Amino acid sequence: MQKILNYINGQLVEPVAGNYIDNYNPATGKVYSLCPDSDEQDAILAIAAAKAAFPIWSQYTTNQRSAILLKIAALIDLNNDALAQAESIDQGKPFWLAQKGEIPRAQSNMHFFATAIEHFASESHAMGDHAINYTLKTPLGVVTCISPWNLPLYLFTWKIAPALAAGNCVVAKPSEITPMTAYLFAKICMEAGLPPGVLNIVQGLGTKVGPALTTHPDVKAVSFTGGTKTGEQIAKVAAPLFKKLSLELGGKNPNIIFADCDFKKAVAESVRSSFTNQGEICLCGSRIFVERSIYDQFKTEFLAQVANLIVGDPLHAATKVGAIASKIHFEKVMSYIALAKEEGGQIIAGGHAVTLPGELSEGYYIAPTVIEGLAYNCRTNLEEIFGPVVTIMPFDSEEEVLQMANATQYGLAATIWTENVTKAHRVAAQIQAGIVWINCWLLRDLRTPFGGVKQSGVGREGGWEALRFFTEQKNVCIKLN
Ligand code: NAD
């Protein structure tokens with residue numbers, strides 16, 4: 001059985017204690033590789049390696065750092081299909097989605113920050129002609145980057161690229177559910193000539209290895225993407241130690257369809273924003289609000305398109321909905337479907353597990369599920385499900401839909417469909433979310449601030465925001481006369 005290894009001080013190594021956990025292929029429900037069950041000892045070795053590498057890496061010119069990161073980006077590109085296949089097997093997502101979207105995005109993350117750092121400059125503030133200030137932006141030292149299982153290499157690189165570009169040394173922990181592409185990424189870093197210790201990857205259970213990675217005195221900042229509860233635990237232990245914290249957490253995003261929308265586009269994009277990656281994207285629109293005058297028409301067309309979504313082998317080109325990432329998550333999503341029924345919801349599509357033939361018979365598949373008839377403030381509509389499950393509700397006025405959309409504790413993203421530009425701006429301004437898409441979904445420019453409000457997180461990633469997070473600013477004031 002293939003063994004995944006940690007990447008510490010430039011080498012692929014076994015965990016110190018020699019323990020491994022089973023890594024499942026969710027498409028078959030079978031163990032197909034072993035993931036290091038790292039503990040505090042591995043975390044300490046990784047942090048020490050990063051600390052030792054920092055004086056060297058931080059003294060590289062931005063041009064030298066950029067050149068290595070660009071080489072890593074080029075190698076991701078070269079290995080695109082192999083990485084996409086590994087991601088699909090490890091996570092359950094359709095191969096084509098990883099091949100055309102996520103692995104190219106991982107490449108873009110590296111490329112974007114490799115070039116951005118060359119334009120990241122000090123600011124200067126003159127005080128008339130008697131003094132001048134300049135603000136230095138220096139790397140922090142050792143930083144921890146922790147990422148989730150839904151978009152494994154995409155979110156892993158989204159964090160480490162700005163951290164490395166800014167001159168930090170990184171200890172990264174991918175999810176124990178999807179360790180494979182980070183392991184393959186370590187090999188790419190070795191091939192690209194990244195100096196030892198600059199990036200270290202500690203694989204394993206968050207509960208076991210996470211505390212050392214988030215509380216060690218040599219770790220200056222923690223960048224975390226994952227669930228709100230885990231974010232809360234990390235904040236509890238890291239905040240009293242005054243570590244810099246960036247927390248990208250859960251979502252329960254509204255998708256608001258006004259009667260004056262471009263109907264065809266709104267339906268097709270809503271199918272995509274509901275079920276892409278089995279609904280396992282923090283930005284998926286899981287609560288669909290439709291203006292009453294077009295509710296029936298929208299529902300009919302939406303359901304017709306949902307019925308065409310093929311649930312199948314993630315490696316098959318025709319598959320639109322692959323496997324749920326893990327058995328535990330499969331059970332969680334199924335429990336929410338049961339809850340929705342208890343709360344009085346009517347299942348108008350899906351609502352059940354799907355058993356596929358042959359070697360896929362023990363995989364974790366759920367039919368795309370649409371639920372109507374629920375109150376906007378029941379648990380199904382307030383809590384994050386993070387699967388191929390959406391609710392659909394009618395509304396009568398802008399005020400009403402804003403109240404319903406803003407009713408959750410989350411505030412990550414929102415989508416608005418209307419051809420009335422004034423209304424679009426007005427509603428966007430009042431939605432409690434860090435990201436609003438109007439007449440589109442998941443259209444991303446890496447320069448824009450990315451993050452949520454309320455329990456969806458603290459801080460922003462992307463563009464200068466990420467480079468600012470991974471640097472310390474020091475203002476120097478010089479009196480001239
Ligand atoms: P999770 O919180 O269970 O795990 C995320 C990571 O944290 C994993 O690597 C895990 O091992 C680690 N971890 C767990 N306990 C830890 C601890 N005590 N200390 C340190 N690390 C610990 O989340 P998940 O189930 O992997 O991911 C799904 C969640 O992520 C969803 O809530 C989703 O909305 C959210 N998410 C948010 C964004 C965003 O940008 N806001 C993006 C993707 C996913």
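Before reading further, recall that the structure is shown in the block above.
None of the values given here were measured: they were computed from a predicted structure.

Draft legend 1. Fine view of the nonpolar core. If you look at the biggest cluster of nonpolar residues, it comprises 90 residues, and the most contacted ones within it are I72, F185, L199 and L283. In terms of residue count, helix 5 (residues 152-165) provides more of this core than any other element does, 10 residues in total. Residues contacting L199, with those up to four places away along its chain left out, are Y7, I160, V170, A172, F185, C189 and L194. Within the second largest apolar cluster, 28 residues are counted, among which are A27, I294, V311 and V321.

Draft legend 2. Summary view of the packing of aromatic side chains. According to the stated counting rule, one finds 13 aromatic pairs in the structure shown. Site record: aromatic cluster; members linked through ring pairs are F112, F113, W158 and F450. Across the ring face of F120, the terminal group of K137 is positioned such that the distance to the ring centre comes to 4.6 Å.

Draft legend 3. The arrangement of a nonpolar patch on the surface in detail. Nonpolar side chains collect at one region of the surface, where Y134, L136, I478 and L480 lie side by side and expose about 320 Å² of accessible area between them. As for its position among the elements, Y134 is in strand 7 (residues 131-139). Residue Y134 is classed as partly exposed on the basis of its relative accessible area, which comes to 33%.

Draft legend 4. A look at the sheet that holds strand 19 (residues 389-395). Read across the sheet, 7 strands follow the order 15-18-19-14-13-21-22 without closing on themselves; strand pairing throughout is mixed. Each edge of the open sheet is held by one strand with a lone partner, namely strand 15 (346-349) and strand 22 (435-438). Neighbour-to-neighbour, the strand axes of the sheet open up by a mean angle of 25°, direction not taken into account. Where strand 14 (residues 285-291) meets strand 19, 5 bridges bridge the pair, whose relative direction is parallel. Counted as the bridge partner of V290 is P394 from strand 19. Sheet strands touched by helix 13 (residues 398-405): strand 13 (253-257), strand 14 and strand 19. Its angle to strand 14, the strand with the most contacts, is close to 165°.

What counts and how
- Each chain carries its own residue numbering, running from 1 in the written order of its sequence.
- Where local features are concerned, this predicted model is filtered to residues with pLDDT of at least 70; where side-chain atom pairs are given and counted, the filter is 80 or more; whole-chain, interface and lining totals use all residues.
- Note that water and hydrogens are dropped before the side-chain values are worked out from all heavy atoms of the structure.
- Side-chain atoms within 4.5 Å are what join buried Ala, Val, Leu, Ile, Met, Phe, Trp, Tyr and Cys residues into a set we call a nonpolar core.
- Burial classes follow relative accessibility: with a 1.4 Å probe on protein chains only, a residue under 20% of its type's maximum area counts as buried, one over 50% as exposed, and anything between as partly exposed.
- Per the convention used, a helix needs a DSSP run of H or I reaching at least four residues, while a strand needs a run of E reaching at least two, with both numbered from the N terminus.
- Contacts are residue-level and defined by heavy atoms, with any inter-residue pair within 4.5 Å sufficient.
- For Phe, Tyr and Trp, rings pair up if their centres lie within 6.5 Å, where Trp contributes its six-membered ring, and each pair is then called stacked (planes under 30 degrees apart), edge-to-face (over 60) or tilted (otherwise).
- Here, over-ring charges are defined by two tests on the NZ atom of lysine or the CZ atom of arginine: distance to the ring centre within 6 Å, and angle to the ring normal within 35 degrees.
- Each patch is built from residues lacking any salt bridge and having more than 30% relative accessible area; the joining distance is 9 Å for like charges and 5 Å for nonpolar side chains (Val, Leu, Ile, Met, Phe, Trp, Tyr).
- For every accessible area listed, the method is Shrake-Rupley and the probe measures 1.4 Å; residues are considered covered only by the protein chains on display.
- By definition here, a salt bridge exists when the distance from a side-chain nitrogen of Lys or Arg to a carboxyl oxygen of Asp or Glu is within 4 Å.
- Strand pairing is defined by DSSP finding a minimum of two bridges between the two strands.
- Between N-to-C directions, angles span 0 to 180 degrees; the directions come from axes that are lines fitted to C-alpha atoms, helices contributing only their stretch in contact.

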